[in-house]
Amino acid sequence: MLQNRVKTGLILALVALAILGIGGALLVSTALVVHVLASYEYFSIATKNQRQSRILQQVAATTLPPLGYLWAGWPGLFGGLLLAASLLLALAVWSIEMETHQPEIERVLPPLLLPLIYPGLFTTTLVLVANQPLGAVALAWLLAVTVASDTGAYYAGRHFGGEKLSPRVSPSKTLSGAAGGAIAGLSAAVLVNLLLGAPLGIGAVFFFGCLVAFLAQLGDLVESLLKRTFNVKDSSTLLPGHGGVLDRLDAFLFVVPVALLLPI
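Everything numeric here is computed off the predicted structure, so don't read it as measured data.

Thoughts on unusual backbone geometry
The bulk of non-glycine residues show a negative phi, and the bulk of peptide bonds are trans.
And step 1. The step from Tyr-118 to Pro-119 runs through a cis peptide bond, and the omega angle for that step is 10°.
And step 2. Looking at where Pro-119 falls in the secondary structure, it is placed in helix 6 (residues 117-130).
And step 3. You will see that Ala-198, though not glycine, has its phi angle at about 55°, which is positive.
And step 4. As for its placement among the helices and strands, Ala-198 is situated in the loop between helix 8 (175-195) and helix 9 (202-230).
And step 5. At Asn-231, a position not held by glycine, the phi torsion is positive, near 55°.
And step 6. Tracing the sequence through the fold places Asn-231 in the loop between helix 9 and helix 10 (245-255).

Quick look at the structure:
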């Protein structure tokens with residue numbers, strides 16, 4: 001299991017570096033594929049009893065915002081978002097009418113509408129950033145800080161242990177791990193900024209480094225909450241040793257919107 005995890009992690013890292021290095025249409029296309037896969041994983045675990053065709057319809061609906069952005073810029077993004085919400089509501093009405101018993105509407109709507117925010121808007125932002133002139137630079141910096149924060153939190157938590165960070169959501173995470181993640185993330189923020197030619201000032205590095213370290217750990221907790229809510233271990237089995245796209249990018253997806261604020 002550990003061997004598969006290491007191999008998959010190494011392959012993913014090399015692929016990510018290659019895609020960021022090439023950038024352009026390849027980066028944008030990859031971001032769009034990540035969006036589709038993340039949406040599919042969410043709907044697969046949130047609506048277990050639905051047919052495959054219904055899940056694909058829902059994935060198609062949530063793919064409207066990034067497609068709208070690529071086609072018509074910001075107006076297309078918001079137009080796509082409204083269309084996605086309308087289609088998902090239509091699917092909710094249809095599913096209620098198709099039920100042989102009277103369903104509880106609160107059990108129908110949240111699994112449909114939640115993905116407009118997570119992973120919908122987060123992965124849409126990934127497509128948006130990838131399409132920017134300096135998107136590859138911003139994503140490279142954010143990815144490095146996120147990976148460092150995640151690694152630092154893991155090893156600090158295992159070594160020091162101590163009080164739990166959020167025992168009801170993720171019993172394995174500790175306050176010492178959160179501190180270790182923050183220190184590692186901030187260190188990576190400074191180092192990678194220098195390697196990229198210092199596009200950020202020292203004040204921005206510390207501010208955004210701390211913000212990214214916080215959001216990365218929040219993303220990890222939200223993914224844990226999602227899987228606990230739907231009683232699943234992994235979002236899918238797509239990546240050996242890592243689970244699915246949501247499992248691998250849980251922290252990074254929460255970090256991506258920061259790229260819209262970076263002064264580069």
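Concerning a nonpolar patch on the surface
And step 1. On the surface, a nonpolar cluster with roughly 440 Å² of combined accessible area is contributed by Trp-74, Phe-78, Leu-260 and Leu-261.
And step 2. Considering the arrangement of structural elements, one finds Phe-78 in helix 4 (residues 64-98).

Structural notes on the nonpolar core
And step 1. With 56 residues, the main nonpolar core has Leu-139, Trp-141, Leu-142 and Leu-262 as its most contacted residues.
And step 2. The leading source of residues in this core is helix 2 (residues 24-46), at 10 residues.
And step 3. When neighbours within four sequence positions are excluded, Leu-139 is seen to be in contact with Leu-20, Leu-27, Leu-126, Val-129, Ala-130, Phe-252 and Val-256.

Description of the pattern of salt bridges
And step 1. Tallying each qualifying case throughout the model produces four salt bridges.
And step 2. In this structure, Arg-248 engages Asp-150 in a salt bridge whose closest nitrogen and oxygen atoms are separated by 3.8 Å. Of this pair, Arg-248 sits in helix 10 while Asp-150 sits in helix 7 (residues 135-160); the two residues are 98 residues apart in sequence, bridging distant segments of the chain.
And step 3. Of the charged contacts, one joins Lys-233 and Asp-234 as a salt bridge, the two residues approaching to 3.8 Å between their closest N and O atoms.
And step 4. Relative accessible area serves as the criterion here: at 29%, Asp-234 is assigned to the partly exposed category.

Some words on helix 7
And step 1. Between the first and last C-alpha of helix 7 there are 37 Å, a value that for 26 residues agrees with the 38 Å anticipated at 1.5 Å per step.
And step 2. At the exit of helix 7 stands Gly-161, carrying a positive phi of roughly 60°.

Side note on the packing of aromatic side chains
Two numbers describe a pair of aromatic rings. These are the distance of the centres and the angle of the planes.
And step 1. A complete count under the given rule lists nine aromatic pairs for this structure.
And step 2. Judged by centre distance (6.2 Å) and plane angle (85°), the rings of Tyr-42 and Phe-230 are edge-to-face. Of this pair, Tyr-42 sits in helix 2 while Phe-230 sits in helix 9, and the two are 188 residues apart along the sequence. The pair Tyr-42 / Phe-230 is uniform in exposure class, with both members buried.
And step 3. Taking the centre distance of 5.1 Å and the plane angle of 85° together, the rings of Tyr-154 and Tyr-155 count as edge-to-face.
And step 4. Look at Tyr-154 and you get partly exposed, because its relative accessible area is 45%.
And step 5. Under the relative-accessibility criterion, Tyr-155 is labelled exposed at 56%.
And step 6. Here the aromatic residues Tyr-42, Phe-43 and Phe-230 are joined through ring pairs into a cluster of three or more.

Considering helix 8
And step 1. The terminal C-alpha atoms of helix 8, which comprises 21 residues, lie 30 Å apart, in line with the 30 Å expected from a rise of 1.5 Å per residue.
And step 2. Along helix 8, the positions that sit buried rather than exposed are Ser-176, Gly-177, Ala-178, Gly-180, Gly-181, Ala-184, Gly-185, Leu-186, Ala-188, Ala-189, Val-192 and Asn-193.
And step 3. Check the buried side of helix 8 and you find it contacts helix 7, strand 1 (164-166), strand 2 (170-174) and helix 9.

A short note on the packing of helix 2 against helix 4
And step 1. Orientation of helix 2 relative to helix 4, taken along the N-to-C sense of each, is 10°, at an axis distance of 16 Å. Considered as vectors, helix 2 and helix 4 are oriented roughly parallel to each other. Of the residues in helix 4, those in contact with Val-28, Leu-32, His-35 and Phe-43 of helix 2 are Pro-66, Leu-67, Leu-70 and Leu-88.
And step 2. Residue composition of the contact of helix 2 with helix 4, by class: seven nonpolar, one polar and no charged.

Concerning the pairing of strand 2
Within a regular strand, the side chains alternate between the two sheet faces.
And step 1. Taken together, the two bridges between strand 1 and strand 2 define a ladder with antiparallel strand orientation. Across the sheet, residue Ser-166 finds its bridge partner in strand 2, namely Ser-170.
And step 2. Counting the residues that bridge the hairpin from strand 1 to strand 2 gives three residues.

Some details on the packing of helix 6 against helix 10
And step 1. Following both chains from N to C, one finds helix 6 and helix 10 inclined at 70°, their axes separated by 10 Å at the closest point. With respect to their mutual orientation, helix 6 and helix 10 come out roughly perpendicular. Helix 10 is crossed by helix 6, and the crossing has left-handed handedness. In this structure, helix 6 contributes Tyr-118, Pro-119, Phe-122, Thr-123 and Leu-126 to the contact, and helix 10 contributes Leu-246, Asp-250, Phe-252, Leu-253 and Phe-254.
And step 2. Tallied by class, residues from the contact of helix 6 with helix 10 come to eight nonpolar, one polar and one charged.

Conventions we followed
Residues numbered from 1 in each chain as written. Predicted model: local features only at pLDDT ≥ 70, side-chain atom pairs only at ≥ 80, totals over all residues. Heavy atoms only, no water. Helix = DSSP H or I, 4+ residues; strand = E, 2+ residues; numbered from the N terminus. Patch = residues over 30% accessible without salt bridge, like charges linked within 9 Å, V, L, I, M, F, W, Y side chains within 5 Å. Areas by Shrake-Rupley, 256 points an atom, 1.4 Å probe, with all protein chains shown as cover. Salt bridge = Lys/Arg side-chain N within 4 Å of Asp/Glu carboxyl O. Core = buried A, V, L, I, M, F, W, Y, C linked by side-chain atoms within 4.5 Å. Buried < 20%, exposed > 50% of the residue type's maximum accessible area, 1.4 Å probe, protein only. Contact = heavy atoms within 4.5 Å. Expected span 1.5 Å × (residues − 1). Phe/Tyr/Trp six-rings, centres within 6.5 Å; stacked < 30°, edge-to-face > 60°. Axes fitted to C-alpha atoms, helices over the stretch in contact; angles between N-to-C directions. Parallel < 35°, antiparallel > 145°, perpendicular 65-115°, else oblique. Nonpolar A, V, L, I, M, F, W, Y, C, P; charged D, E, K, R; others polar. Pairing = 2+ DSSP bridges. Left-handed = near helix turned anticlockwise from the far one by under 90°.

Limitation: the analysis is restricted to geometry and does not speak to function.
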